[in-house]
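Structural features, examined
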Amino acid sequence: MTSFVDRVNLQVIAGKGGNGCVSVHREKFKPLGGPDGGNGGHGGDVVFVVDPNVHTLLDFHFQTRLQGGNGKHGQGSNRDGASGESIRVAVPNGTVVYSDGEVLADMTGIGTEVTVAEGGRGGRGNRALVSSKRKVPGFAELGESGGEFAVTLELKSVADVGLVGFPSAGKSSLIAAMSAARPKIADYPFTTLTPNLGVVSAGEVTYTIADVPGLIPGAAAGKGLGLEFLRHIERCAVLAHVVDTASLESDRDPVSDIEALEHELTEYGGLTDRPRIIVLNKVDLPDGRELADYVQGDLEKFGWPVYSVSAVSREGLKELNFAFAKEVVQFRDSQPPIEATRLVIRPAAVDDSGFEIKKVTPAFEGDVEFIVTGAKPERWVRQTNFENEEALGYLADRLANLGIEDKLAKQGAQPGSIVRISDYEFEWQPTDPDVIATVSPRGTDSRFEINDRKGADERLAERKDRRSELLERVAKEEEARGKRRKR
């Protein structure tokens, strides 16, 4: 059984940030020495790094879940929590990372790295939340959850020369003869079940050569093994048609073989601009040499260089080697010079409020009427401890200072309107500036002293009751219509 794996599905989870700490410094003769709650540590990232010593995705076939370390919670005496450990995952050169069908990263080049999932921020402790209005905050922020993604890793071999051909055309034999690679070679079709890669030297030029399992008509549509491995020649600078000149099949000939393979490459797409070389293999056999000489004229219509070789006797391999090297050098010279990755800083626009408010038509009374989206308000909501009144008041002040209350009022929001931010629903009440200035005991907020608003559980129960009544009324109307039809 082959151990080559070139496509895997993974669950990538970054670490969760630690919670901030609520603490007040106390010691003898200093009963209230001020807040000293430390911040929570940040969660660990999940980073993919191209490693030259990794050649397949086999390890991920057995470990399909990658998770960064969680940040530690903050502690008293101004002790911040430790950040979670980031994990650096080694992947082969040529790995493409997909998420929801879109390319997240195309990783080529040794040392290339990309952060797939960022760890969550650690919550601030009450020491960091001190302000002129809140001298000793009685709350702290919660840590954020890390990014979580379902990703697909797909390996596309990074080779300079790609060998394509029908099964048993001798592609693996050519790689074995031209390099130190030792692929499986046998006298039956589809001996090669995985791409083979070899390193070849031609004078001062060193290049890599790869083959794919034998192609057959319909490979681009899923027949045979070609569709699974055609991706491994996408990055090749040169494509070589390896033709079996000693084939015993009477209905095949070199010209028709090349035309059939070109049709499959065209159907697959993205390979029409690559230079081609025709390799007539197995000329060490009498029938093979005779056919190679016979079809030389017919192959001129393609306009590509033609080389007659033998992987067994090594005839013509030197000329073919330098022909490959010449094409590879021309391709490399045509590529733009490699530049270091530039850090691009894009500041936010001056008039960018950082949030958007969408007004929706509620299906039932008491349903959501406004949906607030934006990185800041959604993050603030996730970091809020809803069991602490002072934390809720702090959240209300932040949202008001950001301008959300003013925009809600402009869009027609009334006291009691249901507003959703992230996964949380609120009954909006305009903030009273006079109440904000008052000082409340730690952990409380004077705005909650007179609280006749309905809680989320109560609103949910009422919503279910209204929907049940509506469904029951609709069912009775349908039953009445049915009785009238029968009459």
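Right above here is the structure, for reference.
Not measured: the values here are computed from a predicted model.

All right, on to helix H8 (residues 389-402) then. Taking 1.5 Å as the rise per residue, H8 with 14 residues should run 20 Å; its terminal C-alpha atoms sit 20 Å apart, in good agreement. Within H8 the residues assigned to the buried category are Glu390, Ala391, Gly393, Tyr394, Leu395, Asp397, Arg398, Leu399 and Leu402. Where H8 begins, the side chain of Asn388 points an oxygen toward the backbone nitrogen of Glu390, at a separation of 2.9 Å. Taken from the residues just after H8, Gly403 is the one with a positive phi, measuring 105°.

A word on the side chain of Asp244. Note that Asp244 resides in strand S12 (residues 238-244). Polar contacts involving the side chain of Asp244 include one to the side chain of Lys282, which spans 3.3 Å. Setting aside anything within four residues of it in sequence, one finds Asp244 in contact with Ser168, Ala169, Asn281 and Lys282.

What the 4 strands build is an open sheet, ordered S15-S16-S17-S18; its pairing is mixed. Edge strands, defined here as strands with exactly one partner in the open sheet, are strand S15 (356-359) and strand S18 (424-427). The sheet shows a mean angle of 25° between the axes of neighbouring strands, direction not considered. Here 4 bridges tie strand S17 (residues 418-421) to S18, and the two strands are oriented antiparallel to one another. Considered in S18, the bridge of Ile418 is made with Glu427.

Moving on to unusual backbone geometry. Positive phi, close to 70°, is recorded for Lys282, a residue that is not glycine. Of note in this structure, Arg314 is not a glycine but carries a positive phi near 65°. One can find Arg314 in the loop between strand S14 (306-308) and helix H6 (317-334). Of the residues examined, Arg314 reaches a relative accessible area of 49% and is grouped as partly exposed.

A ring pair, where both rings are aromatic, is described by two values, the distance of the centres and the angle of the planes. Taken as a whole and assessed by the stated rule, the structure comprises 5 aromatic pairs. On the numbers, 5.2 Å between centres and 20° between planes, the contact of Phe302 with Trp304 is stacked. When its relative accessible area of 18% is taken as the criterion, Phe302 is described as buried. We classify Trp304 as partly exposed; its relative accessible area is 23%.

This next bit is on the side chain of Thr152. For Thr152, the location among the structural elements is in strand S8 (residues 148-155). Accessibility expressed as a relative area gives 15% for Thr152, which makes it buried. Not counting residues within four places of it along the chain, the set of residues in contact with Thr152 comprises Arg7, Val8, Asn9, Val96, Val97 and Tyr98.

Attention shifts here to the sheet that holds S14. On the basis of which strands lie adjacent, the open sheet formed by 6 strands has the order S10-S11-S9-S12-S13-S14 and mixed pairing. The open sheet terminates on both sides in strands that have one partner only, identified here as strand S10 (196-202) and S14. Looking at each pair of strands side by side, their axes are set apart by 25° on average, direction ignored. As defined by bridge partners, S10 adjoins strand S11 (residues 205-211) across 7 bridges and the pair is classed as antiparallel. What sits directly across from Val200, in S11, is Tyr207. Most of the contacts of helix H2 (residues 171-178) go to S11, to which it runs at about 155°, and overall it touches strand S9 (161-164), S10, S11, S12 and strand S13 (276-281). Strands in contact with H6 are S9, S10, S11, S12, S13 and S14; relative to S11, the strand with the most contacts, it is inclined by about 105°.

Cut-offs applied
Residues numbered from 1 in each chain as written. Predicted model: local features only at pLDDT ≥ 70, side-chain atom pairs only at ≥ 80, totals over all residues. Heavy atoms only, no water. Helix = DSSP H or I, 4+ residues; strand = E, 2+ residues; numbered from the N terminus. Expected span 1.5 Å × (residues − 1). Buried < 20%, exposed > 50% of the residue type's maximum accessible area, 1.4 Å probe, protein only. Polar contact = N/O pair within 3.5 Å; in protein donor to acceptor, adjacent residues only side chain to side chain. Contact = heavy atoms within 4.5 Å. Pairing = 2+ DSSP bridges. Axes fitted to C-alpha atoms, helices over the stretch in contact; angles between N-to-C directions. Phe/Tyr/Trp six-rings, centres within 6.5 Å; stacked < 30°, edge-to-face > 60°.

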